[in-house]
Each structure stands twice: as C-alpha cells, then as structure tokens.
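Residue-level structure breakdown
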Amino acid sequence: MALSLLIRSSSRLPQVLINSSRITGASYTPILAKQITINNVRPISVSPIRQSATGSHVAMWQAEKALSLGLLGIIPASFLVSSQATDYLVSLALVVHFHWGMESIVTDYVRECLFGKFVPKAAHAALLLFSAATLAGLFMMAYNDQGLTKTVKKIWAIQPAK
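All of these numbers come straight from a predicted model, not from anything done at the bench. (Residues numbered from 1 in each chain as written. Predicted model: local features only at pLDDT ≥ 70, side-chain atom pairs only at ≥ 80, totals over all residues. Heavy atoms only, no water.)

Moving on, we get to the environment of E112. Secondary-structure assignment places E112 in helix α6 (residues 112–115). Look past the residues within four positions of E112 in its chain and what remains in contact with it is K117 and P120. (Helix = DSSP H or I, 4+ residues; strand = E, 2+ residues; numbered from the N terminus. Contact = heavy atoms within 4.5 Å.)

Here you go:
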C-alpha cells in the first residue's frame, strides 16, 4: 500500500528528491521538501476510458424520448381514425422504437471484448435486417391488406368459443 502511494505520488515529489547524487555529484541524501498526505492520492481505474467517436449522444436520446412521447398520441389516433396513412405512421414509429431499443441492448450486451470482432457486427446486421423486414411487412400489410389497426381491432373482437 505504501509503495503504491509512493509510486502514484512520484510525479508530485520535489525536484530535490528526483536529482540523485550520481547526476549532481553531491554526496548528500535529499530530504522531502513536503510531506505526502493521503489527500494527494488520486483514485485510479483499471478500465479504459471509452468515448464516442461521433461525439455526444444527447440528440439521439432526445429523439428516442420524443418518439416515445409521440407514440402516446399516434397509437390512439390510429385507432380513432383508421386509414392507410395512420397505419404507415404507426408502423414506422413502432419499428423505429423497437429498433432503437434492441440496438441499445445489442450494443450493451454483445460486446467485442466478450465475443470478438465478428459477433457484435453480425448481431447489429441481423437486427438491421430484422427491423427492415418487419417494416416492409407492416407496410405491405397497410398497402395490400386491411392495415395494422384494423387487424388489431379484428383480433380484439374475437369472441371465445363456448
């Protein structure tokens, strides 16, 4: 512990201690000019500091929160006014909301340090393909069939067998 404190505080030692008798030719033993206190010790971390290459994620976080808030109005509105346009809007909003949530899960839990370089990239690619296929399927249902909200209304209207 004491050696650790001395090594960590070595950058703050006075110049007298750093100059040894071999370099200066003096035959005296240097004395510490100031006493090392426990308050001078900085905590160290063994984990590397990771910063985003693209900068702040505040704008993305705000977009996610705005979309989540928007879903509170879009979903009831689509059931009140069932149309192709509202089906497209609900489909897009739900798939983007799902994609952003799953992307954060994949980023947090499928890390390069645990799985290597290939698996995280493959997981992100699979998520992108799944989100695109889901959006295409919902758009196709809105264009060719009755749409998402009318389908949900029909499912809710099913009576249990007696």
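Here we take up the confidence of the model for the protein chain. Confidence along the protein chain averages 79 in pLDDT terms, with 65% of residues attaining 70 or more. Averaged over each element, pLDDT in the protein chain is lowest for helix α2 (residues 15–18) (48) and highest for helix α7 (residues 118–144) (95). Scored below 50 in pLDDT, residues 15–21 makes nine contacts in the model with residues more than four places away or belonging to other chains. (pLDDT = per-residue confidence, 0-100.)

Time to look at the environment of D145. Here D145 shows up in the loop between α7 and α8 (148–157). Remark: the alpha-carbon pair of D145 and Q84, spanning 61 residues in sequence, is separated by 9.8 Å.

Looking now at the nonpolar core. Ranked by size, the top nonpolar core spans eight residues in total: L67, L71, I74, V90, A93, V95, L138 and L148. When contributions to this core are tallied by element, the ones reaching two or more residues are α4 (58–80) and α5 (84–109). In this view, A93 contacts L67, L71 and I74; residues no more than four positions away in its chain are not counted. (Core = buried A, V, L, I, M, F, W, Y, C linked by side-chain atoms within 4.5 Å. Buried < 20%, exposed > 50% of the residue type's maximum accessible area, 1.4 Å probe, protein only.)

Any two aromatic rings considered together are summarised by their centre-to-centre distance and by the angle between their planes. This model, assessed by the stated rule, comprises three aromatic pairs. Plain terms: the ring middles of F79 and W156 are 5.2 Å apart, the flat faces sit at 20° to each other, and that makes the pair stacked. With F79 in helix α4 and W156 in helix α8, this pair connects stretches of sequence that are 77 residues apart. Judged by its relative accessible area of 62%, W156 is exposed. Ring geometry for Y88 versus F139: centroids 5.0 Å apart, planes at 90°, classification edge-to-face. Taken together, the positions of Y88 in helix α5 and F139 in helix α7 put the pair 51 residues apart, joining distant regions of the chain. Its relative accessible area of 29% is what places F139 among the partly exposed residues. (Phe/Tyr/Trp six-rings, centres within 6.5 Å; stacked < 30°, edge-to-face > 60°.)

This part takes up α4. Along its 23 residues, α4 runs 34 Å from first to last C-alpha, staying within 8% of the 33 Å computed at 1.5 Å per residue. All buried positions along α4 are accounted for by L67, L71, I74 and S78. Tucked into the core, α4 has its buried residues touching α5 and α8. (Expected span 1.5 Å × (residues − 1).)

The next subject is α5. Each turn of an α-helix holds 3.6 residues, which means side chains three or four residues apart point in the same direction. Here α5 spans 37 Å end to end across 26 residues, near enough to the 38 Å set by a 1.5 Å rise per residue. Within the sequence span of α5, burial applies to T86, D87, V90, S91, A93, V95, H99 and V106. Structurally, α5 contributes buried residues whose contacts are with α4, α7 and α8.

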